[in-house]
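Structural overview
If you want the building blocks of each chain, they are given just below.
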Amino acid sequence: MLQLDDISATPTRRYFRPVRGKPCTFSWRATRYCTGYRDLDTRTSVPCPHKAEVTGKSDLCWSCDQRTGFNPSFYNVERLSLSPQQQRYNMSKHVVYLAGFSPDTAKVGITSEGRTLGRLREQGARRAVVVAHTSDAYEARAHEEAIHQWLYLPETIRSARKLALLSERFDLAAVSGLLETLRERAQRELELPPLGQPILCFNADYLGDNVIEPPLVDLTEVSPPMISGVGVGLVGDILIMRESDRQLALSLKTVIGCAVEILEHVRPNVARPAQQMGFSF
Ligand SMILES: [Zn+2]
């Protein structure tokens, strides 16, 4: 489901649009709007009350950024310098997870216990497993850092890399195998107590009965951004659509907050990345 804000309505109407099986054309404009704030106490997301335009790196206007009050690098600053709502949030139960993206690509991460499945889905994890439950964010961060250092696991994987991995043909069972190996090493080397948690699979959430058919044509660099076809699925922030006999993909990370025009029919994907590439000498 795509989360969309209709800013022509007052107040802004937030709605969710199914992707799979629908013929559709998305084209984005350069104008970007604030994506709204997150209430850390109620764990809810709220559209920007100001319908503010944004520029630069942040997806949020100043007001929504202040209202959210979340510093992802909380462990690098004094606790009292964090917003009161993040101080409360950080003292809630957290989990440490391993997320797999291919048979040889995984990351370690932490999240609030109540957000676990949503956080894993928004990152597009193909398989995942919880390796520790902790009483707060600081204990979770200590485990995350140790796993990062001892198992050489990254804490982030870029969207472009995830899209490239989606375009590779591999057996999802092999991703489970990687996570089982990493979990066993984390438990042995870091002395984490065994939890016996199942390896989670999100394929049906992302794709329903559809299947990714590599190689995917990456339209992320097409300018202006546009993708058209029949929806195949949404894997994290990567939208996959079918156009005749090929599947197309676009990382929505590059168009977050951008005004989007949505047509309920298919248009030719006129911009072909292969024709946009320059020649190198
Ligand atoms: Zn805002």
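Remember, it's a predicted structure, so these values are computed and weren't measured experimentally. (Residues numbered from 1 in each chain as written. Predicted model: local features only at pLDDT ≥ 70, side-chain atom pairs only at ≥ 80, totals over all residues.)

**Looking at the overall build of the chain**
From N to C terminus, the chain includes 8 helices and 14 strands. Here the C-alpha atoms of the chain give a radius of gyration of 20 Å, agreeing with the 19 Å that 2.2 N^0.38 yields for 281 residues. Projected onto the principal axes, the alpha-carbon positions of the chain cover approximately 55 × 45 × 45 Å. Split into buried and exposed, the 281 residues of the chain put 29% on the buried side. Of the contacts made within the chain by residues no fewer than 6 positions apart, 68% connect residues no fewer than 24 positions apart. (Helix = DSSP H or I, 4+ residues; strand = E, 2+ residues; numbered from the N terminus. Rg over C-alpha atoms; globule rule 2.2 N^0.38 Å. Buried ≥ 20, exposed ≤ 12 C-beta atoms within 10 Å, placed from the backbone. Contact = placed C-beta atoms within 7 Å.)

**Topic: the sheet that holds strand E12 (residues 238-243)**
Read from one edge to the other, the open sheet built from 6 strands follows the order E10-E13-E12-E11-E3-E14, with strand pairing classed as mixed. Unpaired on one side and paired on the other, strand E10 (217-218) and strand E14 (258-263) mark the two borders of the sheet. With 5 bridges connecting them, strand E11 (residues 226-235) and E12 associate as antiparallel partners. The residue of E12 that forms the bridge with Gly 233 is Ile 240. Sitting on the sheet, helix H5 (residues 159-166) touches E10, E11, E12 and strand E13 (246-251), and the angle it makes with E13 is about 165°. (Pairing = 2+ DSSP bridges. Axes fitted to C-alpha atoms, helices over the stretch in contact; angles between N-to-C directions.)

**Re the sheet that holds strand E7 (residues 105-112)**
Taken in spatial order, the 4 strands of this open sheet run E7-E6-E8-E9, and their pairing is antiparallel. At either end of the open sheet lies a strand with only one pairing partner, and these are E7 and strand E9 (200-201). Across 8 bridges, the pairing between strand E6 (residues 94-102) and E7 is antiparallel. Within E7, the residue paired with Leu 98 across the bridge is Val 108. Each of E6, E7 and strand E8 (127-134) touches helix H4 (residues 137-150); the most contacted strand, E7, lies at about 170° to it.

**Examining the nonpolar core**
Residues Tyr 97, Leu 98, Leu 239 and Ala 249 are the most contacted members of the largest nonpolar core, which totals 46 residues. Looking at which element gives the most residues to this core, the answer is E6, with 6 residues. Setting aside anything within four residues of it in sequence, one finds Leu 239 in contact with Val 19, Ile 227, Leu 234, Ala 249, Leu 250 and Leu 252. Formed by 7 residues, the second largest nonpolar core is a distinct cluster that contains Tyr 33, Tyr 37, Cys 48 and Cys 61. (Core = buried A, V, L, I, M, F, W, Y, C linked by C-beta atoms within 7 Å.)

**Comments concerning the environment of Pro 103**
Inspection of the secondary structure puts Pro 103 in the loop between E6 and E7. Residues Pro 103 and Arg 246 lie 143 residues apart in sequence; the distance between their C-alpha atoms is 24 Å. Once you skip the residues sitting within four places of it in the chain, Pro 103 turns out to touch Phe 170, Ala 174, Val 175 and Leu 178.

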